[in-house]
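Residue-level listing of the chains:
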Amino acid sequence: MLLDLFREIYICLKKSTRICSKSIMAESSFPSPPDAICPLCVDALRDPVTIPCGDTYCLECIKIYWDQFDHMGVYSCPQCRATFTPRPVLKRDLPDVYHEPRRQLPELTPFPYMQRESFCDFCVGRRNKAVKSCLVCLAYYCETHVKPHYESSTFKRHKLVDETGHLDRKICPQHEKGLELFCRSDQMCICVLCTVREHRGHNITSAEEERIDKQKVLVVTQSEVQHIIQERMKELQELKHNVDVLKSCAQRAQVESDKTFHEMLQAVERWKAEIHQMITANMQAAMSQADGYVERLEQEILELQRRDAELRQILETEDNIHFLQNFPTLCIAPEAMVPKVLINPQFSFSEMSKTALEMKEHLDDICKKELSKISKTVSETPVYILLPRNGDKRIKVNVSYSLAATVPNRVDFQEPKTRSDFLRYACKMSFDANTAYKELVLSDGNQKVTRKKTVQFYSDHPERFDGFSQVLCKEPLSGFRFYWEVEWSGEFSLGVAYKSISRKGKNSHSLLGYNNKSWSLLCSDSGYSAWHNKADFDLANAPRASRIGVYLDYGGNTVAFYSVSERMELIHRFKARFSEPLYAGFGVGSSVTLCHLKQSPTPY
């Protein structure tokens, strides 16, 4: 019965954990299934919408695309070129749109609103597609009919341009002449006749000269656009990397929670076995005592029956002398051989079942309380932080389904500067005894490590360092920001490392900072030096302190070391792209102590 009760709790909590994980995945706008691709951003659909022609895009992508056509009042589909007037109202699609087949992004076309097929004005019957247009003739030509413009001197002064459609836009609507000039006063293209009246006395120049001047501006704009593209591509790669990190974190959390609940179920089974053993032991002891009492009572009954037979015989005898001689011994009533046995009303096996029920209720209360706490934390903490690119205006972004990501202040998401800023990310750590070198002694609840001259009797473990005096902490660090501080004496090193760092042998593969799986700061009385993959960064002018703080921004791909005194001073910062969970690591020369830090409240 007890095991069944705990199994119910276990199943309920696992269900809640899965619901929580799904909620996190949904609310953090993780990419949709791989088949759902937006043709504009070539990425998984986010807040998908289907426009009237049937094509589907991200809500934000199609809004940005259509914003550029507001001045025209005509909106087109980037894929099939279907046009809509007025602008369609966009509504989020239901989740089944996520299962639409993958579409490839069409080739980008400049000025899509100007793209339309034009046909030759001189073809008879079936008209061929135009390839050139003449700004003098104001006509479209196919490959066949454009040849005279190349071969005959008559058309020597004519100007051919690539066919882009909308040839009527190159004609003055008032004088029906070709637009050849540009009025700088009114910033518009004009024809020769326009200079006589409408633009008389204005600053007039040829279209070619104005194009040369404006082309210089466009070259600068193009350079800026290319720079922005490079920045966005870098942001895109960083975002995809961080999304992969979040996915890995969610998967690891699921695996670790499954492991924890499995261990909890095993513990419940052990508790059940202990209670079962206790009940069995008490029952056997009670049965053994009862057997002794039963045997003694049976003996007493036999003895009493024998006395009863003697009394009956002496009472029936006719020999008076025999009667009188035996009377003294038979007239005395026999003494009781066994005390009266009763069941103690204060003892009951039901107390044990009651204790089991109380254990179940306590565990149920703890699980409900902790699950409610983490559920609230998850629902109130935004996964993504959106910063406005222009100004510090507060923005609010609705993340899919129920989350809202609000940006209180741009400063809140920059790298911390004061110690109180760092303490917002303080995390509790402890040394992992399974990784400690054979000469290291852990104390103070695994918060302090000291190197001794004598070898400690540690059991063999595959994660133990056997070549260098090093130790790792238990807690995996990934996905977010973390901060911890240590106090030290003697030469030592501190940093972070992947779990996959080698533990065996005295070589660079297992030494902190000497491989591509670790980053470390070597500290001594003579100074500091930073190491990664055998690369040495001399830090002769770095500030000295007996307490050093380590700040890890996993999502930002940085790990930094600070001297902690009256103010925080940067010693060194590594920039890297982390691909696995990190663990705090230490090379111990004398002693290292993990400092107890009180986390500052966050401003959210």
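Look a little higher up for the structure.
From a predicted model like this one, the values you see are computed outputs, not experimental measurements.

Caption draft 1: Seen up close, the overall build of the protein. Looking only at helices and strands, one finds seven helices and 27 strands in the protein. Per-residue burial over the protein gives 34% buried out of 604 residues. Partitioning the contacts of the protein with sequence separation of at least 6, the portion at a separation of at least 24 is 58%. Summing over all exposed atoms, the protein offers an accessible surface of approximately 38300 Å²; the carbon and sulfur share of this is 54%.

Caption draft 2: Region of interest: a nonpolar patch on the surface. A contiguous nonpolar surface patch, about 430 Å² in accessible area, is contributed by I279, M283, M287, F347 and F349. Its place among the elements puts I279 in helix α4 (residues 207–316). Residue I279 is classed as partly exposed on the basis of its relative accessible area of 30%.

Caption draft 3: Representation of the nonpolar core within the structure. W484, L494, L521 and F586 are the most contacted members of the largest nonpolar core, which totals 43 residues. Counting 16 residues, the second largest nonpolar core, distinct from the first, contains V49, I62, F69 and Y75.

Caption draft 4: Broad picture of the packing of aromatic side chains. Scanning the model with the defined rule gives 16 aromatic pairs in all. With 5.6 Å between their ring centres and 80 degrees between their planes, Y498 and W519 make a pair best called edge-to-face. Residue Y498 is located in strand β19 (residues 492–498), and its partner W519 is located in strand β20 (residues 518–524); the two are separated by 21 residues in the primary sequence. Taken individually, Y498 and W519 each receive the classification buried, so the pair is uniform in this respect. Pairing F561 with F574 gives two aromatic rings, centres 6.2 Å apart and planes at 85 degrees, and the pair type is edge-to-face. Placement of the pair is F561 in strand β24 (residues 558–564) and F574 in strand β25 (residues 568–575), with a sequence separation of 13 residues. Across the pair, exposure class does not vary: F561 and F574 are buried alike. Taken together, F422, Y425, Y483, Y551 and Y562 form an aromatic cluster joined through their ring pairs. Taking NZ or CZ as reference, R503 lies 5.3 Å from the ring centre of F465, over its face.

Caption draft 5: Looking closely at the sheet that holds strand β18 (residues 481–489). Taken in spatial order, the seven strands line up as β15-β16-β27-β18-β23-β24-β25 in an open sheet, and their pairing is antiparallel. If you trace the sheet from one side to the other, it starts and ends with β15 (440–443) and β25, each paired once. The sheet shows a mean angle of 20 degrees between the axes of neighbouring strands, taken without regard to direction. The pairing of strand β16 (residues 448–451) with strand β27 (residues 591–594) spans three bridges and is classified as antiparallel. Bridge pairing links T450 to S591 in β27.

Caption draft 6: Examining the pairing of strand β26 (residues 582–588) more closely. Most of β26 is tucked away, with seven of its seven residues classed as buried. The two faces of β26 match: L582, A584, F586 and V588 on one face and Y583, G585 and G587 on the other face are all buried. Looking at chain direction, strand β17 (residues 470–472) and β26 are connected through three bridges and run antiparallel. Looking at the pairing, V471 lines up with F586 of β26.

Caption draft 7: Inspection of the sheet that holds strand β22 (residues 535–539) at higher detail. If you walk across this open sheet you meet the six strands as β17-β26-β19-β20-β21-β22, and the pairing is antiparallel. The open sheet has two free edges, formed respectively by β17 and β22, since each of these has just one partner strand. On average, each strand axis in the sheet is tilted by 20 degrees relative to the strand beside it, whichever way the strands run. As defined by bridge partners, strand β21 (residues 527–532) adjoins β22 across five bridges and the pair is classed as antiparallel. Residue pairing in the sheet places Y528 in a bridge with L539 of β22.

Caption draft 8: Spatial organisation of the pairing of β21. The buried fraction of β21 amounts to five of the six residues, a majority that puts the element mostly inside the structure. By the bridge criterion, six bridges tie β20 to β21 in an arrangement that is antiparallel. Residue L521 lies in a different strand from β21, and its bridge partner there is A530. Counting the residues in the hairpin turn of β20 and β21 gives two residues. Connecting the antiparallel pair β21 and β22 is a turn made up of two residues, with N533 showing a positive phi of about 55 degrees.

Thresholds applied
- Residues numbered from 1 in each chain as written.
- Predicted model: local features only at pLDDT ≥ 70, side-chain atom pairs only at ≥ 80, totals over all residues.
- Heavy atoms only, no water.
- Helix = DSSP H or I, 4+ residues; strand = E, 2+ residues; numbered from the N terminus.
- Buried < 20%, exposed > 50% of the residue type's maximum accessible area, 1.4 Å probe, protein only.
- Contact = heavy atoms within 4.5 Å.
- Areas by Shrake-Rupley, 256 points an atom, 1.4 Å probe, with all protein chains shown as cover.
- Patch = residues over 30% accessible without salt bridge, like charges linked within 9 Å, V, L, I, M, F, W, Y side chains within 5 Å.
- Salt bridge = Lys/Arg side-chain N within 4 Å of Asp/Glu carboxyl O.
- Core = buried A, V, L, I, M, F, W, Y, C linked by side-chain atoms within 4.5 Å.
- Phe/Tyr/Trp six-rings, centres within 6.5 Å; stacked < 30°, edge-to-face > 60°.
- Lys NZ or Arg CZ within 6 Å of the ring centre and 35° of its normal.
- Pairing = 2+ DSSP bridges.
- Axes fitted to C-alpha atoms, helices over the stretch in contact; angles between N-to-C directions.

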